[in-house]
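Each chain, letter by letter, is given below.
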Amino acid sequence: MAAEGDRERSLSALLDAIVGGHLEDYLAASADDDPTWSGALRAVALVITLRWDDALQCALATPAASADDVDARWLLAGATAWAISGDPRPDSDQVLADLSDPRAVLPDVARPVGRFAGYLLVEAALAHARLDLAHEVEQRLGAGLWDELRLGQGVHPFHHMMVASRIRLLAFRGHIADADAVRRAAATPLAGGPVAAVSAATACLVRGNDADPADVRRLAAEVDCHVPEPTHLLAAGAQMLVAFGLIAVGEVAESARRVLLAGHGPGLEALNVIDRALGLELLATLAVAAGDLDAAEAWQDRSVPLLASPISDSTIARLHSRVALARGDVDEAVAWGERAVARAREVERAIEYAEGEIVLGRARILQRGPGGRASAAQALQAMVAEAEQRGHRSARRSAARELRPIGLRLRPLSGSGWQGLTAREAEVARLVADGCANKEVAARLHVSEHTVRAHVSRVLAAFGVPTRVALPGVLDRFTPLAPDDARRLAVLPPLTERQQVVADLVAQGLSNVAIATMLGVSPRTVEKHVGDILARWDLQTRTSIARAVTTAATYRSE
């Protein structure tokens, strides 16, 4: 067995080449004095350069390690599994059989070479879309798997790639809030290049599924600065992660452009099987949304070779369900959707499961007709609520996008606030909070009072209040103030005693009539007090009064 120091140096040489972008030089100079270890590292290098077939041939030709050489044995197993993730053969998952054995002795992650071998096993399981197995292996390896990767004198920059894998595993399993917490706690890569691109792209994925369009666009632009061309796996993977972030916030066309860029052509041959499948589904979805059934079926045809792969079966089944639904074959759409959901649930692909439930829900609604819409929509509502509890807020956007063409909408999640509302509903919320009656809201927005009533019920549900008069008092909890604004509201000029009483009652959400009844004065008198308060505090709306009262009380308590 080779010395630990020699293996650390050969590992460092590979990771230096990956981070520095000179893998061709590494491949030209790689040695075979430690044949299993160096062969496995060479296979990893070939995967990074997107030479899937060469990587698999290299891994298969590498001699097996001795039984007691745990690090080399698992490094080769991880490299082989990663390489075969580019091949849609039906038995590709057989390479994971040893890893699935709970009795297997895994690498010791307390040592750098063992930690990298362990990371590669998780990465390989992710590449096979086996999120259940990746999570199981992570748990068996222990928390030390994610400790800093120290090679030589310090932490190697490749450590950021390992952090990105941890975040992706959490995100793809649907734990968006946890993924975001890890992202926020992680150090930022000091240099640019492919590792920084993957770090930014992973953040883009998380922020997309947390429904933050502004952050997604910023991070997408950052990725382009680091790796403008996807010439290797890290750059192509970064573009795919950005595409997933963009699709989560509804930017389908830009997402599709990046998929084609990453895939190096219409068949997306440069990508591994799961990314190829997800990319083809996205392209088919865009074609369906544009009403181009011919194009959707063309993308579907390209996906057929991937249908038998255990890596992509759920994704391709969902693609077929989408196209069948667009073609009007509802029964076929339901059958494919059920297949997609069952498989995604089985291997813990939580985000894919949510997408599958959305597509299946729409098909079932059409299959059952008007009488079955309520139960199918209710099932979708339950799925969205479950996803939102894990921080997967974009599930609501995706569900709404699927239901909109058939005239159905989801109820806002109680307590979701502004995020649970459309732009028009947010307008209604502001007008209602400012004291406008339904008739006045209808006149301002040029809609019917019936429409306003429907919007108001959704607004109240989103903010978790039973009546419109209670709305102003809760808005401050859902609209964080900038520090300077908070300080300004906390030191506003004092009011008269009666004005302060009126301001406090406005902050509780009471209407002018209710305040008048409580104080034994006329509504006109209350209206005058409210006007005087707005003038004295230089505010524009009743909502602002409620915000000022609440902010002042908070500052006094501190």
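Conventions we followed
Residues numbered from 1 in each chain as written. Predicted model: local features only at pLDDT ≥ 70, side-chain atom pairs only at ≥ 80, totals over all residues. Heavy atoms only, no water. Helix = DSSP H or I, 4+ residues; strand = E, 2+ residues; numbered from the N terminus. Buried < 20%, exposed > 50% of the residue type's maximum accessible area, 1.4 Å probe, protein only. Arc of directions from axis to C-beta. Contact = heavy atoms within 4.5 Å. Phe/Tyr/Trp six-rings, centres within 6.5 Å; stacked < 30°, edge-to-face > 60°. Lys NZ or Arg CZ within 6 Å of the ring centre and 35° of its normal. Core = buried A, V, L, I, M, F, W, Y, C linked by side-chain atoms within 4.5 Å. Axes fitted to C-alpha atoms, helices over the stretch in contact; angles between N-to-C directions. Parallel < 35°, antiparallel > 145°, perpendicular 65-115°, else oblique. Left-handed = near helix turned anticlockwise from the far one by under 90°. Nonpolar A, V, L, I, M, F, W, Y, C, P; charged D, E, K, R; others polar. 1 Å grid on protein atoms, 1.4 Å probe; cavity = no way out; pocket = protein on both sides within 12 Å on 5 of 7 lines; lining within 4 Å. Points joined across faces, edges and corners; volume = space filled by probe spheres on them.

J.: So what exactly am I meant to see when it comes to unusual backbone geometry here?
T.: Not every positive phi belongs to a glycine, and A129 is a case in point at roughly 60°. Its location among the elements puts A129 in the loop between helix 6 (112-127) and helix 7 (131-141). On the basis of relative accessible area, A129 is assigned to the buried category, the value being 4%. Phi at H264 takes a positive value of approximately 65°, unusual for a residue other than glycine.

J.: Just to check I follow, could you spell out helix 15 (residues 293-303) for this structure?
T.: Note: α-helices contain 3.6 residues per turn, so residues at a spacing of three or four share the same orientation. Of all the residues in helix 15, the buried ones are A296, W299, Q300 and S303. Seen end-on, helix 15 carries its buried residues on one side only, within an arc spanning 105°. Seen from the open side of helix 15, the exposed residues pointing more than 90 degrees away from its buried face are D294 and D301. Taken together, the buried residues of helix 15 touch helix 13 (252-263), helix 14 (273-289) and helix 16 (313-327).

J.: Honestly, the side chain of E123 in this entry has me stumped. Any pointers?
T.: Tracing the chain through its elements places E123 in helix 6. Each residue touching E123, except ones within four places of it in the same chain, is listed here: W82, S165 and R168.

J.: How should I be thinking about the packing of aromatic side chains in this particular structure?
T.: The way to describe two aromatic rings as a pair is by their centre distance and the angle between their planes. One pass over the structure, following the stated rule, counts four aromatic pairs. Between F172 and F244 the ring centres are 6.3 Å apart and the planes differ by 75°, which places this aromatic pair in the edge-to-face class. Here the residue F172 occupies a position in helix 8 (residues 159-172), and F244 occupies one in helix 12 (residues 233-248), the gap between them amounting to 72 residues. The positively charged end of R345 is found above the aromatic ring belonging to Y353, 4.0 Å away from the centroid.

J.: Quick question: what am I supposed to make of the nonpolar core here?
T.: One broad rule of soluble globular proteins: the nonpolar side chains tend to lie buried together. L14, L15, W82 and V122 are the most contacted members of the largest nonpolar core, which has 68 residues in total. Sort the elements by how many residues they give to this core and helix 6 lands first, with eleven residues. Each residue touching L15, except ones within four places of it in the same chain, is listed here: F116, L149, L151, H156 and F158. Of all hydrophobic cores here, the second largest spans 58 residues; its members include A197, V206, A317 and L319.

J.: Honestly, the packing of helix 26 (residues 497-507) against helix 27 (residues 512-519) in this entry has me stumped. Any pointers?
T.: How two helices pack is summed up by the angle between their axes together with the distance between the axes. For the pair helix 26 and helix 27, interaxial distance at closest approach is 10 Å and the crossing angle is 130°. The pairing of helix 26 with helix 27 is recorded here as oblique in orientation. The chirality of how helix 26 crosses helix 27 is right-handed. Across the interface between the two elements, R498, V501, V502, L505 and V506 from helix 26 touch I515, M518 and L519 from helix 27. In the contact of helix 26 with helix 27, the residues fall into seven nonpolar, no polar and one charged.

J.: Where do I start with the layout of surface pockets in this structure?
T.: Empty space among the atoms becomes apparent when a probe as large as a water molecule is rolled across them. There is about 440 Å³ of room inside the second largest pocket. The element that contributes the greatest number of residues to the lining of the second largest pocket is helix 8, accounting for four residues. Here the residues of the lining of the second largest pocket sort into 16 nonpolar, six polar and three charged.

J.: Teacher, can you tell me more about the packing of helix 12 against helix 14 here?
T.: It is at 11 Å that the axes of helix 12 and helix 14 come closest, and there the two elements cross at 40°. For the crossing formed where helix 12 meets helix 14, the hand is left-handed. Side by side, helix 12 and helix 14 meet where M240, A243, F244 and I247 of the first sit next to D275, L278, G279 and L282 of the second. In the contact of helix 12 with helix 14, the residues fall into six nonpolar, one polar and one charged.

J.: Is there a simple way to explain empty space enclosed by the protein in this structure?
T.: Counted under the stated rule, the structure contains one cavity of 30 Å³ or more. Taken together, 45 residues line the largest cavity, and the ones lying closest to its centre are F172, L241, F244, D275 and L278. Tallying contributions element by element places helix 12 first for the lining of the largest cavity, with ten residues.

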